[in-house]
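Breakdown of the fold
Spelled out, the chains give:
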Amino acid sequence: MTHADGTATTAAARPETAWPLENLLFSAALVARRIPWADLPARTLGLDALTRDGLTDRLMAHLRNSRAGRPVPLRTPFGSFLVPLTRADAQTLLTCGDAAGALGAPCALTADGRRRGLSPHATPPGATEIGAGVWEATARGGPGGLGGLGDQVAEHLVTLAGAVREDGTPDRDRWEAGMRRLSRHVVLGAAATEDTLLSAMLSTAADAAGGHAYEARAAALRRRMAPYLADLDPDCLAGRLAAEGQSGADPHPALVPALAHALALVSAATGPSTLKALTLLTTDANTAAAAAADACGTRAGVTGTAPPTEEAIDHAMDRALEQHRMLSALVYPVRAPFAAQGLAIGAGEEILYDAALLGPRSPGEPADPAWALCGNPSGCPAARFAADVGREVLRQVTTRNGGTSGIGGQVAGGGRAVLPGARFAVDPVPDAADSRTVAMTMVTAMTAPLAAYGARGLADADRLEGHAESLCACAADTGWNGSETGERFRMALLAHAERCTRAADDVRRAARWLAD
């Protein structure tokens, strides 16, 4: 990643405030992501400049030109953010803040504006270079590394041989369930392969990161992982990392956060990301076959293509992580003031890192999976390891299928890859509604005392937060510890507490918007 010293200067100035119209247009660009069909008229007419991406690119170009490329504070319905305008500036700004210890734990910002917790970044204990070296050696199967990684991947792919739909493409649900089994095997050993509750607890703990329920969920996750760490499989990641630890001390408790983080990232990289990479590989192969057939004057075909090269596999995985990333937008809270790029960043601000707004990487710029999987500005060895496991899955799948035909989705030669997007819903106006009534309701709402509604909303948010705290206190009771059923009940309590906390945050945000 980009590195900078982050040295504060006396001439640091505050970022220039955005104009109201710029706030409005930027908000519209964020909200429009929820409407995938909005591009249909423009694409039908061939007017790419009027698509969501085209209009967003023009807005970002205007902001860069009017602010000399400096980050700009923008106010949106999802919150007020400091928005870097170029990829290099964004990574430099965040790296400086992380080096200064001024950034809090990031969270993901979904298309509908909700905040979602991330797996807390953690690295193995001990010296940084030792920890990173073990991750890298493990990923590549080097000295002391996980030499049996390919065998483990092949073993799990055998069970997925029938996990295909009628058109020959992988069944998404069965594929992701199989990749979670593989991830547990690679990270914690063969004994954890069928422990589906472990993955569910890991997911709920990550979602609760930064909330009231996180500590209880993290404690439950540690208890669930304890049996596998008490009897380590020497061929898994946990066994390799423990073997590299200092002798004479029990390294297992200190390894738990790093292993939980690795398990979360490997599950993400081998599940959804590999499916997207397979689609990209298929599209590239079909396009190349069509071009070759056209050059020879024959009919294009896509069957019987040769297995992709190592370079093609690496490129497809990088593109899947970069262009169809698991973490499309990240929000970094600023906990302490710092200076970067001649700007003074104050505590309490939030920095928005949205790769879709910043454009593609520069030619020759190496891909870093940490931005797509983890979000830690200073890099993440676990993310690099997860990406390498994903590449091994791609390599094994394409080898077993004798090429790329039928593995990622049948795409006609020369066509563009269409990857499934998030579901959306539109609430229509009831058929029986009178347009005059609707208009009168809108006028009445606009003229109502909004500040009073804001105060009422804040009180409701406090009540929801108190309810969430009560549920967390109930879940913290040690009586739930005795059995798997108890742990499932605890997860249900904590899930409801998380929903209450999320609702309280949404109500509080809306109330503040009304009060302003």
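**Considering the overall build of the protein chain**
- For the protein chain, the helix and strand inventory stands at 19 helices and eight strands.
- The long-range share in the protein chain, meaning contacts at least 24 apart out of those at least 6 apart in sequence, stands at 74%.
- As displayed, the protein chain has an accessible area near 25300 Å², and 57% of this comes from carbon and sulfur atoms.

**Some thoughts on a nonpolar patch on the surface**
- Residues L45, L47, L50 and L55 make up a contiguous nonpolar surface patch of roughly 390 Å² in combined accessible area.
- Looking at the element boundaries, L47 is found in the loop between α2 (40-44) and α3 (52-66).
- Given the relative accessible area of 39%, L47 is considered partly exposed.

**Notes on the nonpolar core**
- W175, L188, L221, M225, L259, L265 and L373 are the most contacted members of the largest nonpolar core, which has 62 residues in total.
- Ranked by size, the runner-up nonpolar core spans 22 residues in total, among them L94, A340, I345 and A355.

**Describing the pairing of strand β2 (residues 79-83)**
- With respect to burial, β2 is a largely interior element, four of its five residues being buried.
- Pairing analysis gives five bridges linking strand β1 (residues 72-76) to β2, with the strands arranged antiparallel. When the bridges of β2 are listed, T76 appears paired with G79.
- Hairpin geometry of β1 and β2 is characterised by an intervening segment of two residues between the two adjacent antiparallel strands.

**What to know about the confidence of the model for the protein chain**
- For the protein chain, per-residue confidence averages 75 on the pLDDT scale, and 74% of positions sit at 70 or higher.
- Confidence, read as mean pLDDT per element, is least for helix α17 (residues 435-447) in the protein chain (35) and greatest for strand β8 (residues 350-354) (92).
- For residues 127-132, every residue scores under 50 in pLDDT, and the model assigns this stretch two contacts once sequence neighbours within four places are set aside.
- A low-confidence stretch, residues 299-304 stays under pLDDT 50, and its non-local contacts, those more than four residues away or across chains, total seven contacts.

Calculation criteria
Residues numbered from 1 in each chain as written. Predicted model: local features only at pLDDT ≥ 70, side-chain atom pairs only at ≥ 80, totals over all residues. Heavy atoms only, no water. Helix = DSSP H or I, 4+ residues; strand = E, 2+ residues; numbered from the N terminus. Contact = heavy atoms within 4.5 Å. Areas by Shrake-Rupley, 256 points an atom, 1.4 Å probe, with all protein chains shown as cover. Patch = residues over 30% accessible without salt bridge, like charges linked within 9 Å, V, L, I, M, F, W, Y side chains within 5 Å. Salt bridge = Lys/Arg side-chain N within 4 Å of Asp/Glu carboxyl O. Buried < 20%, exposed > 50% of the residue type's maximum accessible area, 1.4 Å probe, protein only. Core = buried A, V, L, I, M, F, W, Y, C linked by side-chain atoms within 4.5 Å. Pairing = 2+ DSSP bridges. pLDDT = per-residue confidence, 0-100.

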